[in-house]
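# Descriptive structure summary
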Amino acid sequence: SARYSVLGATMDRVLRGNKITDERMAEMLALLPSVSADGVCRTDIIKPAIGLILLDVDRKNTTADDAVWHRTLSDAERFLRYALNCQPYDGDIWLRLAMIRSMEGALPEELATLFITSQRLAPVHPDTLPARLRLWPTLDAETQRLTTAQRNKDIAMLCAPTGQWMRKQFPNMCAVNR
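Residues numbered from 1 in each chain as written. Predicted model: local features only at pLDDT ≥ 70, side-chain atom pairs only at ≥ 80, totals over all residues. Heavy atoms only, no water.

Before going further, it helps to examine the environment of Glu 27. Of note, Glu 27 is situated in helix α2 (residues 22-37). Judged by its relative accessible area of 44%, Glu 27 is partly exposed. (Helix = DSSP H or I, 4+ residues; strand = E, 2+ residues; numbered from the N terminus. Buried < 20%, exposed > 50% of the residue type's maximum accessible area, 1.4 Å probe, protein only.)

Our next topic: the side chain of Arg 101. With respect to the element layout, Arg 101 can be found in helix α5 (residues 91-103). Since its relative accessible area comes to 15%, Arg 101 is described here as buried. If we skip the residues at most four places from it in the chain, Arg 101 touches Glu 77, Arg 81, Ala 106, Glu 110, Leu 111 and Leu 114. (Contact = heavy atoms within 4.5 Å.)

Moving on to the packing of α5 against helix α6 (residues 108-121). Interaxial distance between α5 and α6 falls to 7 Å at its minimum, and their mutual angle equals 160°. The angle between the axes of α5 and α6 places the two elements in the roughly antiparallel class. The handedness of the crossing between α5 and α6 comes out as left-handed. Residues Gly 91, Trp 94, Leu 95, Leu 97, Ala 98, Arg 101 and Ser 102 of α5 form the contact with α6, whose own contacting residues are Glu 110, Leu 111, Leu 114, Phe 115, Thr 117, Ser 118 and Leu 121. Grouping the amino acids of the contact of α5 with α6 by side-chain chemistry returns eight nonpolar, four polar and two charged. (Axes fitted to C-alpha atoms, helices over the stretch in contact; angles between N-to-C directions. Parallel < 35°, antiparallel > 145°, perpendicular 65-115°, else oblique. Left-handed = near helix turned anticlockwise from the far one by under 90°. Nonpolar A, V, L, I, M, F, W, Y, C, P; charged D, E, K, R; others polar.)

So, on to the nonpolar core. Among the nonpolar cores identified, the biggest contains 43 residues, and Leu 7, Val 35, Ile 46, Ile 50 and Phe 79 are the most heavily contacted of them. Those elements that provide at least two residues to this core are α1 (5-15), α2, α3 (43-60), α4 (66-86), α5, α6 and α7 (128-135). Apart from residues no more than four positions distant in its own chain, Val 35 is found in contact with Tyr 4, Leu 7, Val 40, Ile 45, Ile 46, Phe 79 and Tyr 82. Core analysis: the next-biggest nonpolar cluster, separate from the first, contains nine residues, Leu 129, Cys 159, Met 173 and Cys 174 among them. (Core = buried A, V, L, I, M, F, W, Y, C linked by side-chain atoms within 4.5 Å.)

Relative to the 20 Å expected for 14 residues at 1.5 Å per residue, α6 spans 20 Å between its end C-alpha atoms, a close match to the ideal helical length. Taken together, the buried positions of α6 are Pro 108, Leu 111, Ala 112, Leu 114, Phe 115, Thr 117, Ser 118 and Gln 119. Here the buried face of α6 lies against α5, α7 and α8 (141-159). (Expected span 1.5 Å × (residues − 1).)

As a further point, take the pattern of salt bridges. A full pass over the atoms with the stated rule returns 16 salt bridges. Here Asp 38 makes a salt bridge to Arg 3, at a shortest N to O gap of 3.4 Å. Here Asp 38 is found in the loop between α2 and α3, whereas its partner Arg 3 is found in the segment before α1, with 35 residues between them in sequence. A salt bridge links Glu 77 to Arg 101; the nearest nitrogen and oxygen atoms lie 3.6 Å apart. One end of the pair, Glu 77, is in helix α4; the other, Arg 101, is in helix α5, and 24 residues separate them in sequence. (Salt bridge = Lys/Arg side-chain N within 4 Å of Asp/Glu carboxyl O.)

What follows concerns the state of the cysteines. Under the definition given, this model contains two disulfides. Note on cysteine connectivity: Cys 41 is disulfide-linked to Cys 86, with sulfurs 2.0 Å apart. Between Cys 41 and Cys 86 the sulfur-sulfur dihedral comes to about -55°; the bridge is accordingly left-handed. Taken together, the residues Cys 41 in the loop between α2 and α3 and Cys 86 in helix α4 connect sequence positions 45 residues apart. Cys 41 sits in the partly exposed class, given a relative accessible area of 34%. The disulfide partner of Cys 159 is Cys 174, and the S-S distance across this bridge is 2.1 Å. Sign of the S-S torsion, about -105° for the bond between Cys 159 and Cys 174, identifies this disulfide as left-handed. Of the two residues, Cys 159 is situated in helix α8 and Cys 174 in helix α10 (residues 173-176); the sequence distance between them amounts to 15 residues. (Disulfide = S-S within 2.5 Å.)

Okay, α1 next. Buried within α1 we find Leu 7, Gly 8, Thr 10, Met 11 and Val 14. For α1, the buried positions fall inside an angular range of 165° around the axis, keeping them on one side. Buried residues along α1 sit in contact with α2 and α3. Looking one or two residues beyond α1, the residue adopting positive phi is Gly 17, at roughly 100°. (Arc of directions from axis to C-beta.)

Structure below.
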């Protein structure tokens with residue numbers, strides 16, 4: 001897995017604010033089929049790979065080429081499903097798959113299952129809980145209806161004394177939901 005350590009190093013540079021070129025992104029994404037083919041399931045490989053995939057999705061979100069956009073989402077979904085096979089207990093991966101499936105137009109029941117599983121497995125994870133709170137308003141009305149209880153649990157965590165660390169990301173949510 002030393003072969004794949006470049007994924008972590010690249011993602012570290014991105015997290016420090018460095019830009020990644022299209023060529024470098026293509027090199028990193030080209031490694032992902034081998035990660036799954038080789039059965040690599042280490043968190044230090046899987047997590048940076050997911051970060052790069054999501055960055056690629058964000059970058060291609062504005063593309064006018066529907067084929068490129070659909071291929072990007074399909075590739076992201078494929079790797080996220082692989083990652084879930086490796087780490088089915090990781091609520092953050094369930095949420096990231098929900099985000100991608102939402103962009104793909106998944107049925108409300110599927111999205112709700114992904115969202116609910118994320119909340120159950122990662123109720124207070126510092127990356128996952130805020131991301132769930134940001135995803136929820138983008139979901140269709142039926143998915144929102146199916147996941148209201150989980151959203152309310154997330155808001156309760158946010159507004160509890162222990163949620164102070166993330167309240168500045170959602171400055172009005174506790175006042176509105178009291």
